[in-house]
Amino acid sequence: MAKFDIIAATGCPTGIAHTFMAKEALEKAAAERGLTIKVETHGQVGVENELTKSEIAGAKAVVVAADKDVQAERFAGKPMVSVGVSKALSVEAAGKLIDRALAAKGDATVAAAADVEDEVEEKESIGHVIYKHLMNGVSHMLVFVVAGGVLTAVSFLWGITSFDSTAADYNSFAAMLKIIGGIAMNLMVPVLSAYIAESIGKRPALVPGFVAGMIAIQGLPVNADTGMIDAGGAGVGFGFLGGIVGGFLAGYVILLLEKVFAGLPKNLDGLKAIFLYPLFSTAIVGLVMLGISGPMAAINTAMMDFLKGLSASGAVVLGLAIGCMCAFDMGGPVNKAAYVTGTAMLTEALAAGVGTDTYNFGTNFMAAVSAACIVPPLITTFAVVVGKKYFSQEDHDAGIVNLILGCTHITEGAIPFMTKNIWPVMPIMMLGSSIASILTIMFNVHDPAPHGGFLVLPVVENGPLWVLAILIGAVVGGILFVAFKKYDFEKNQKAAPAAKPVEAPKAAAVEAPKAEAADFVKVENVFVAEDFASRDEALSFVSNQAVKAGIASDADAVMNAFLAREAEGTTGMMEGFAIPHAKSDAITEAAVIVVKDESGVTGWDTMDGAPVNVGIALLIPGAQAGTTHLKILSKVAEALMDEDFRATVKGSTDAAEIAKTINARLV
């Protein structure tokens, strides 16, 4: 059985994008550090790449990046860090999590590399625990919403009243589709409640969780004639808010009962599971839920009235709120809040029936939410096509893939673009989504399906106008995104001083022996007494020295490669070290150039905020980007975890000693 240095589990509420983006980032970060890793994913299709007991036992540390229950109790006793999945969507962020997980082991050399601003989390924050339980419910609920909503929407293809046997457009097959879809949609709140409870109290909490969800749908039945509680009467439901409250209530009631019954003999464990827990938890949760039904119904009604009030304020106000929420974190909690609200209102709309005010408002709201979710990925597609020269090949490829993701209502594809430049990319995405939402409301578009993107166009009322609204939002956002990238590209070009290619003397090229592995860092490429005013001045110096040494042919190209890497995330580390790296076809041989500035280079973002005193610059030919680059980078990163290495390099003014120290770690 293979052993892994790191094991990890990832999971997001929808299990579509974040889950696998985090997996990829963790795998790349581990590779950069020369570590082996296995990542278990909790996606919409279930658990994949499942970790075995022996793999868990043999791992050095554990990373949990999830917003849902991934059975983290399996890892009890292992060095572990647990965060939300959004904390592991970039290679840099994933690397920090790995460092922190290893630091939890108490290894001083590893702890030195951990991010000092992020203390090792032995316990999850209360906020993240609550959010994780909530998202476990949401992730299980969404599939019911999607299946039920789309089937209900498809039934409308035969006519808006095709389910009604007294209507002229009645169709028995359409009626059956609507019945099936309606049943699935009605399970939304009970499933939400049950799986919030299950995340807290495990399997015993499912029973009271389902009961709490059903009560949230039905409310407290009252006889209309007597005004008294009556099992045959009618109640006012309190929707998905009630489901959330019921789920948490059920989960924590089970935890309470576990403590209450902890003193019972061990041989009664079976009785507890099959009789005591379900009986007492259902009674307690049921009574509390019925007792709070009045206030909860009032809160639910007030929330719906507030949203309708926003609509009364005009399409701009409501559309702006929807657009900003959906594009703020693109699949995160704010986005999910807007989406779940939309699906809840759509559920009420479909229950109210076609033609009612509730139906018109709910389906219009859902159309605006869907439009806002579709736009961000399409903005990136437009940008990488129109402004191709301003994007890397990797970004260009991702932008093209986002065309498919966006058209199918998967917002998460835009996240990597936003994380590289939160400002101004996030506001650009929010503006584009808001424009699409506002126009969708103005165009009176109605979407009876909660998901699917353009796949559900046949059932969308005023579908062509909906597509137009989305395209306008995507184009406006795309133009602004291209303008930003153009400005950023030109700024980086100006920052790199002009330098003419310098050819190494031919005689020297013939006579110079090929460097052995132990002499990878040449003494003449170590500069110990420099004084740089800024990060860019230091990188420019390295770029020009690379040309003078015959390592590269074009200083501008090398400088642009350095700046492109810095734009993805700073290479400033801790305790005065930085490891800038450039990958370019203008670099003719892999090399390391070291620069030292005793006074410190300010303006270079570092993990601890300290100025950079030592820059270990890696220069890699484009053809070796995936091999030599990762190998050298991982060895340098490992070396920086060694306190003796840092002390020697930082304290020495002898170029030969510095070169020897670094070469010893690159062998």
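Quick summary incoming for the structure in this document.

Cut-offs and rules
Residues numbered from 1 in each chain as written. Predicted model: local features only at pLDDT ≥ 70, side-chain atom pairs only at ≥ 80, totals over all residues. Heavy atoms only, no water. Phe/Tyr/Trp six-rings, centres within 6.5 Å; stacked < 30°, edge-to-face > 60°. Helix = DSSP H or I, 4+ residues; strand = E, 2+ residues; numbered from the N terminus. Buried < 20%, exposed > 50% of the residue type's maximum accessible area, 1.4 Å probe, protein only. Axes fitted to C-alpha atoms, helices over the stretch in contact; angles between N-to-C directions. Left-handed = near helix turned anticlockwise from the far one by under 90°. Contact = heavy atoms within 4.5 Å. Nonpolar A, V, L, I, M, F, W, Y, C, P; charged D, E, K, R; others polar. Disulfide = S-S within 2.5 Å. Core = buried A, V, L, I, M, F, W, Y, C linked by side-chain atoms within 4.5 Å. Polar contact = N/O pair within 3.5 Å; in protein donor to acceptor, adjacent residues only side chain to side chain. Salt bridge = Lys/Arg side-chain N within 4 Å of Asp/Glu carboxyl O.

Let's shift gears to the packing of aromatic side chains. Following the criterion strictly, the structure yields 13 aromatic pairs and no others. Their ring planes at 80° and their centres at 6.3 Å tell us that Phe 417 and Phe 481 sit as a pair that is edge-to-face. Here the residue Phe 417 occupies a position in helix α16 (residues 415-420), and Phe 481 occupies one in helix α18 (residues 463-495), the gap between them amounting to 64 residues. Note on accessibility: Phe 417 and Phe 481 belong to one class, buried. Centre to centre, the rings of Phe 527 and Phe 541 are 5.1 Å apart; their planes meet at 90°, and the pair counts as edge-to-face.

Our focus in this paragraph is the packing of helix α5 (residues 126-155) against helix α7 (residues 188-201). For the pair α5 and α7, the least separation of the axes is 7 Å and the interaxial angle reads 145°. Every pair of crossing elements has a handedness; the one defined by α5 and α7 is right-handed. In this structure, α5 contributes Lys 132, His 133, Leu 134, Asn 136, Gly 137, Val 138, His 140, Met 141, Phe 144 and Val 145 to the contact, and α7 contributes Met 188, Val 191, Leu 192, Tyr 195, Ile 196, Glu 198, Ser 199 and Ile 200. The residue inventory of the contact of α5 with α7, partitioned by class, reads 11 nonpolar, 5 polar and 2 charged.

What the rule picks out here adds up to 0 disulfides. No disulfide involves Cys 326; its nearest neighbouring cysteine sulfur is the one of Cys 373, lying 3.9 Å away. We classify Cys 373 as buried; its relative accessible area is 1%.

In this chain, Trp 423 is followed by Pro 424 through a cis amide linkage whose omega measures 10°. Tracing the backbone shows Pro 424 in helix α17 (residues 422-442). Positive phi, close to 60°, is recorded for Lys 202, a residue that is not glycine.

For soluble globular proteins, the rule of thumb is that nonpolar side chains tend to be buried together. With 60 residues, the main nonpolar core has Ile 6, Leu 26, Val 63, Ile 98, Trp 466, Ile 470 and Phe 481 as its most contacted residues. Top element by residues in this core is helix α14 (residues 357-386). It accounts for 8 residues. Ignoring anything within four residues of it in the chain, the contact list for Leu 26 reads Ala 8, Thr 10, Ile 37, Val 39, Val 63, Ala 94 and Ile 98. Judged by nonpolar contacts, the second largest core, of 56 residues, contains Met 296, Leu 318, Ile 322 and Cys 373.

Turning our eyes to something else, we now look at the side chain of Thr 411. Its place among the elements puts Thr 411 in the loop between α15 (393-407) and α16. Assessed through its relative accessible area of 4%, Thr 411 is described here as buried. Within the local environment of Thr 411, its side chain forms a polar contact with the backbone oxygen of Cys 373, the two atoms lying 2.9 Å apart. Once residues lying within four places of it in the same chain are set aside, the contact partners of Thr 411 are Cys 326, Met 330, Asn 335, Cys 373, Pro 376 and Pro 377.

This paragraph deals with the pattern of salt bridges. Scanning the entire structure with this criterion turns up 14 salt bridges. For the salt bridge of Asp 5 with Lys 60, the shortest nitrogen-to-oxygen distance reads 3.5 Å. Of this pair, Asp 5 sits in the segment before β1 (6-11) while Lys 60 sits in the loop between α2 (53-58) and β4 (61-66); the two residues are 55 residues apart in sequence, bridging distant segments of the chain. Among the residues examined, Lys 60 registers a relative accessible area of 39% and is labelled partly exposed. Glu 490 is the partner of Lys 486 in a salt bridge, and the nearest nitrogen-oxygen pair spans 2.8 Å. With Lys 486 and Glu 490 both in helix α18 and 4 residues apart, the pair spans about one turn of that helix. Residues participating in the shared-partner salt-bridge network are Asp 69, Glu 73 and Lys 202.

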